Amino acid sequence: VDLRRGLDFVALTITDDGHGMPASKVADIKAGLTSGVGLRGMRERIRQLNGNLDVTSSEQGTRFEVRLPARIGSVTALCASRGAFIGRLPEPSSR
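Every chain begins its residue count from 1, and numbering advances along the sequence as written. Only residues with pLDDT of at least 70 are given local features in this predicted model, and only at 80 or more are side-chain atom pairs given and counted; all residues enter the totals for whole chains, interfaces and linings. The side-chain numbers reported here are obtained from all heavy atoms of the structure, hydrogens and water having been left aside.

Enquirer: Break down the packing of aromatic side chains for me, with residues and values.
Expert: The rule is short: rings of Phe, Tyr and Trp, with Trp giving its six-membered ring, pair when the centres are within 6.5 Å, and they are stacked under 30 degrees, edge-to-face over 60, tilted in between. Throughout the structure, instances matching the rule amount to 0 aromatic pairs. The aromatic ring of phenylalanine 9 is capped on one face by arginine 67, whose charged end is 3.7 Å from the ring centroid. Two thresholds decide whether a charge sits over a ring: the Lys NZ or Arg CZ must be within 6 Å of the ring centre and within 35 degrees of the ring normal.

Structural data, given as structure tokens:
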């Protein structure tokens with residue numbers, strides 16, 4: 001999992017080192033033709049925030065990248081208007 005910020009974007013990348021997905025499945029995901037609500041729901045939320053979701057897969061693993069615009073104030077206001085969490089996550093408990 002990688003989270004990074006550029007001057008005008010925030011990107012979250014999730015990568016695994018599994019066997020990958022068939023090209024037809026990746027094409028379905030990119031076209032929004034998934035049968036479940038998980039990826040469809042994520043894609044809709046990302047679209048509402050003017051972002052995009054990119055999926056790549058090979059025999060070495062799969063990579064999902066979410067990229068959102070990051071203009072000062074605009075993303076914060078848009079996320080807050082949609083009830084998204086904005087702020088710092090609490091530190092993990094040492095228990």
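Past the structure itself, the notes keep going.
Enquirer: Break down the pattern of salt bridges for me, citing the residues and quoting the values.
Expert: Whenever a carboxyl oxygen of Asp or Glu lies within 4 Å of a side-chain nitrogen of Lys or Arg, that contact is scored as a salt bridge. This model, assessed by the stated rule, comprises 5 salt bridges. Measuring nitrogen to oxygen at the nearest pair gives 2.8 Å for the salt bridge that ties arginine 4 to glutamate 65. With a gap of 61 residues between them, arginine 4 in strand β1 (residues 2-5) and glutamate 65 in strand β4 (residues 61-69) connect regions that are remote in the sequence. Type-normalised accessible area, obtained with a 1.4 Å probe on protein chains alone, sets the label of each residue: buried when under 20%, exposed when over 50%, and partly exposed for intermediate values. The class for arginine 4 is partly exposed, based on a relative accessible area of 33%. For the salt bridge of glutamate 65 with arginine 63, the shortest nitrogen-to-oxygen distance reads 3.4 Å. Linked by salt bridges that have partners in common, Asp2, Arg4, Asp54, Arg63 and Glu65 make up one network. In DSSP terms, a helix is any run of H or I states spanning at least four residues, a strand is any run of E spanning at least two, and both are numbered starting from the N terminus.

Function cannot be read off these values alone, since they describe shape.
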